Every structure is written in C-alpha cells, then in structure tokens.
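Spelled out, the chains give:
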Amino acid sequence: MHIYDPAFLPTGAPPLPVSGTVDAYRRVQPVIGTRRTVVVTPRNFGTDNRVTLDAIQALGSERTRGVAVVRNDVTDAQLLALHDGGVRGIRFTLYTPAHAVVGFDMVEPLSRRVHELGWHVQLHWTAAQIVEHQALVRRLPSAIVFDHLGRLPVNCGVNHPAFGIIRRELDGGKAWLKLSGPYLDSAVGEMGGYQDTDALAQAWVDAAPERLVWGSDWPHVTEPVKPDDASLAALLARWVPDVARRRRILIDNPAVLYGFRQG
C-alpha cells in the first residue's frame with residue numbers, strides 16, 4: 001500500500017492526486033483484516049522517502065516494512081539509514097516512463113548495491129517492458145518482485161511471452177510476484193467483479209504459490225472511482241480457494257520476503 005500524506009510533499013511538488021494518511025489506513029485495516037503492512041513510496045514523492053519511514057514508525061516497526069525509491073546518487077549511509085528505518089526494497093515504477101523519477105539504466109547498478117543489504121527490487125513494468133528487458137532481468141543479482149500480476153494483458157494472460165519470463169524467475173527462486181491491482185488491466189472492472197483477471201491470477205497460484213504475496217494497493221490512486229476495499233480483499237479467496245495456500249500467500253511468504261517475524 002501507499003501513504004499519500006501532504007505533510008511530507010516536497011516543496012514545489014504538484015498537489016497529491018489523493019489523500020491517504022496513516023490514520024485513514026488504520027480505519028481500512030479492520031475492513032481488510034490485516035495487521036502487517038508494507039508501505040511503498042509513491043512516485044509523487046520522488047526519492048523523498050520520509051513519508052514511508054514515518055508510516056513505518058507510526059504503524060509499528062515490528063509489523064511494518066517499506067519499499068523506497070532511490071536513484072544512483074544515493075549514498076551507502078542513506079541506504080543504511082533506510083534499512084534501519086525498516087526499508088527492505090526499492091521500486092522502479094517505469095510503466096509510464098514520462099512520469100518516472102528513475103530509469104532502466106539505474107536498475108542493475110542499484111540491484112547490486114541493495115543486494116548486499118538483502119533487499120529486493122520491485123518492478124512495476126508493463127508486460128511488454130518485461131519482454132524488452134528480459135536480459136536485464138536475468139542479470140539482476142538481487143531478489144525481484146514483479147508488481148500487480150506482472151501487468152499481463154488479460155486477453156493474452158499466460159500466452160503473453162512475459163508470463164514465461166516471470167515464471168522462469170519464480171521457478172529459479174529469485175523472484176516473487178504480487179497478487180494486487182486487478183483494476184489496472186481488467187476490462188470488466190469492479191462492476192464485473194474483475195472476473196477477467198481470474199484465469200491469470202489462478203495460473204500464478206498454480207505455478208508458484210510459494211513465491212506470491214498479496215497487496216491492497218490502497219488508496220488506489222489510479223482509479224477515479226475507488227474500489228471497495230473489502231471486496232478486493234475477498235477477491236483473493238476466489239483466486240486462492242485453498243486455505244493453506246492463502247495462508248502461505250498472506251502470512252508465510254511475506255515473512256520471508258520482508259523479514260517479518262514468523263507466526
């Protein structure tokens with residue numbers, strides 16, 4: 001999830017597209033039934049990760065982790081400070097390059113640096129970008145998290161070449177994939193219950209349940225009409241009807257990936 005708190009907006013930055021404070025998220029947690037949180041710095045804050053570090057402390061450092069945004073000029077001391085603050089990964093949001101604050105040229109060198117800290121790189125790329133940069137993906141030394149179902153077009157699903165590329169990384173034990181953001185590529189949307197995402201989500205569950213995590217993507221900044229959070233959480237039960245697999249995705253896998261205490 002993300003925190004959009006205007007109190008941390010850099011000077012001169014455009015107004016935030018939504019408001020999503022820690023207090024607002026606390027009211028969402030009982031609705032979706034979560035106690036642990038992973039806060040991801042939104043693109044709107046550039047490489048200023050104060051909003052994420054503050055949220056980690058406010059929500060409880062023992063049950064909250066962060067994913068930051070950095071550029072090549074980040075110092076080792078700054079990375080260590082982020083680590084001490086609960087950050088365990090960095091995000092490359094490149095599916096809309098015109099608005100990106102990082103670039104493809106930064107992915108490999110930063111992957112090498114954060115690998116030493118035991119972090120991962122989170123890739124919010126389109127399926128076409130994953131195919132285009134598959135050689136880069138293979139070279140990355142750190143763990144990889146593919147965002148939002150891999151952003152595969154629902155009309156192609158497992159037949160898109162990106163599916164095989166991601167599957168290879170999952171099978172190799174280096175990558176993870178997030179079951180999140182069904183609205184990003186669904187044609188039927190909330191009114192259709194996102195049913196056109198079912199086949200792809202279930203294919204990921206069948207392929208690698210031990211390499212999947214779930215995310216709410218709250219506060220759903222891409223959506224003009226915000227989806228119902230309880231319905232989004234319930235969608236996971238349709239994708240993953242097996243209780244043991246669902247527990248693995250919601251509890252056990254995130255403990256490994258983000259360094260939460262088991263149990």
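This text goes with the structure placed above it.
Residues numbered from 1 in each chain as written. Predicted model: local features only at pLDDT ≥ 70, side-chain atom pairs only at ≥ 80, totals over all residues. Heavy atoms only, no water.

Peer 1: I keep staring at the packing of aromatic side chains and nothing clicks. Help me out?
Peer 2: The geometry of an aromatic ring pair is captured by two quantities: the separation of the ring centres and the angle between the planes. Under the criterion given, the structure shown has five aromatic pairs. On the basis of an interplanar angle of 55 degrees and a centroid distance of 6.2 Å, the ring pair of Y258 and F260 is categorised as tilted. Of the two residues examined, Y258 and F260, each falls in the buried class. A cation sits over an aromatic face here: R151 above Y95, 5.3 Å from the ring centre. Across from the ring centre of W176, 3.9 Å away, lies the NZ or CZ of R211, which sits over that ring. (Phe/Tyr/Trp six-rings, centres within 6.5 Å; stacked < 30°, edge-to-face > 60°. Buried < 20%, exposed > 50% of the residue type's maximum accessible area, 1.4 Å probe, protein only. Lys NZ or Arg CZ within 6 Å of the ring centre and 35° of its normal.)

Peer 1: Would you mind going over the pattern of salt bridges with me for this structure?
Peer 2: When charged atoms on two side chains of opposite charge get close, those side chains can pair. For the structure shown, the criterion picks out 14 salt bridges. Between D147 and K178 there is a salt bridge, with the nearest N and O atoms lying 3.2 Å from each other. Of this pair, D147 sits in the loop between β5 (143-146) and α7 (161-171) while K178 is found in strand β6 (residues 175-179), placing the two residues 31 residues apart along the sequence. Classification of D147 as buried rests on a relative accessible area of 1%. The exposure class assigned to K178 is buried, which follows from its relative accessible area of 10%. K174 is the salt-bridge partner of E169, the closest N and O atoms lying 3.7 Å from each other. Taking the relative accessible area as the measure of exposure, E169 reaches 7% and is therefore buried. (Salt bridge = Lys/Arg side-chain N within 4 Å of Asp/Glu carboxyl O. Helix = DSSP H or I, 4+ residues; strand = E, 2+ residues; numbered from the N terminus.)

Peer 1: Explain the sheet that holds strand β7 (residues 212-214) here, please?
Peer 2: Strand pairing in a sheet is mediated by backbone hydrogen bonds. Such pairs are either parallel or antiparallel. Judged by pairing direction, the sheet is parallel, and its seven strands sit side by side in the order β1-β2-β3-β4-β5-β6-β7 without closing on themselves. Taken across any chain shown, the strands that pair with only one partner, and hence form the sheet edges, are β1 (37-40) and β7. Geometrically, the sheet is characterised by an average inter-axis angle of 30 degrees between neighbouring strands, direction not taken into account. By the bridge criterion, four bridges tie strand β4 (residues 120-124) to β5 in an arrangement that is parallel. Within the sheet, the bridge partner assigned to Q122 lies in β5 and is V145. The strands that helix α8 (residues 198-207) touches are β6 and β7; relative to β6, the one it contacts most, it runs at about 145 degrees. (Pairing = 2+ DSSP bridges. Axes fitted to C-alpha atoms, helices over the stretch in contact; angles between N-to-C directions. Contact = heavy atoms within 4.5 Å.)

Peer 1: Honestly, the environment of H120 in this entry has me stumped. Any pointers?
Peer 2: Residue position: H120 is located in strand β4. In this view, H120 contacts V67, R88, G89, I90, V114, S142, A143, I144, V145, L257 and Y258; residues no more than four positions away in its chain are not counted.

Peer 1: Help me out: how do you make sense of the packing of helix α1 (residues 22-32) against helix α9 (residues 229-239) in this one?
Peer 2: Direction vectors running N to C along α1 and α9 enclose 40 degrees, while the axes themselves pass 9 Å from each other. When the interaxial angle is binned, α1 and α9 end up oblique. Read as a crossing pair, α1 and α9 show a hand that is right-handed. Contact residues: α1 offers V28, V31 and I32, while α9 offers D229, A230 and A233. Counted by class, the contact of α1 with α9 contains five nonpolar, no polar and one charged residues. (Parallel < 35°, antiparallel > 145°, perpendicular 65-115°, else oblique. Left-handed = near helix turned anticlockwise from the far one by under 90°. Nonpolar A, V, L, I, M, F, W, Y, C, P; charged D, E, K, R; others polar.)

Peer 1: Before we go on, may I ask you to explain α1 in this structure?
Peer 2: Within an α-helix, residues lying three or four positions from one another point in the same direction, as the helix has 3.6 residues per turn. Among the residues making up α1, those that are buried are V22, A24, Y25, V28, Q29 and I32. Along the axis of α1, the buried positions cluster into a sector of 150 degrees, meaning they face one direction only. In α1, the exposed residues that point more than 90 degrees away from the buried face are R27 and P30. Of the surrounding elements, those touching the buried residues of α1 are β1, α2 (50-59), β7 and α9. At the C-terminal side of α1, G33 shows a positive phi close to 80 degrees. (Arc of directions from axis to C-beta.)

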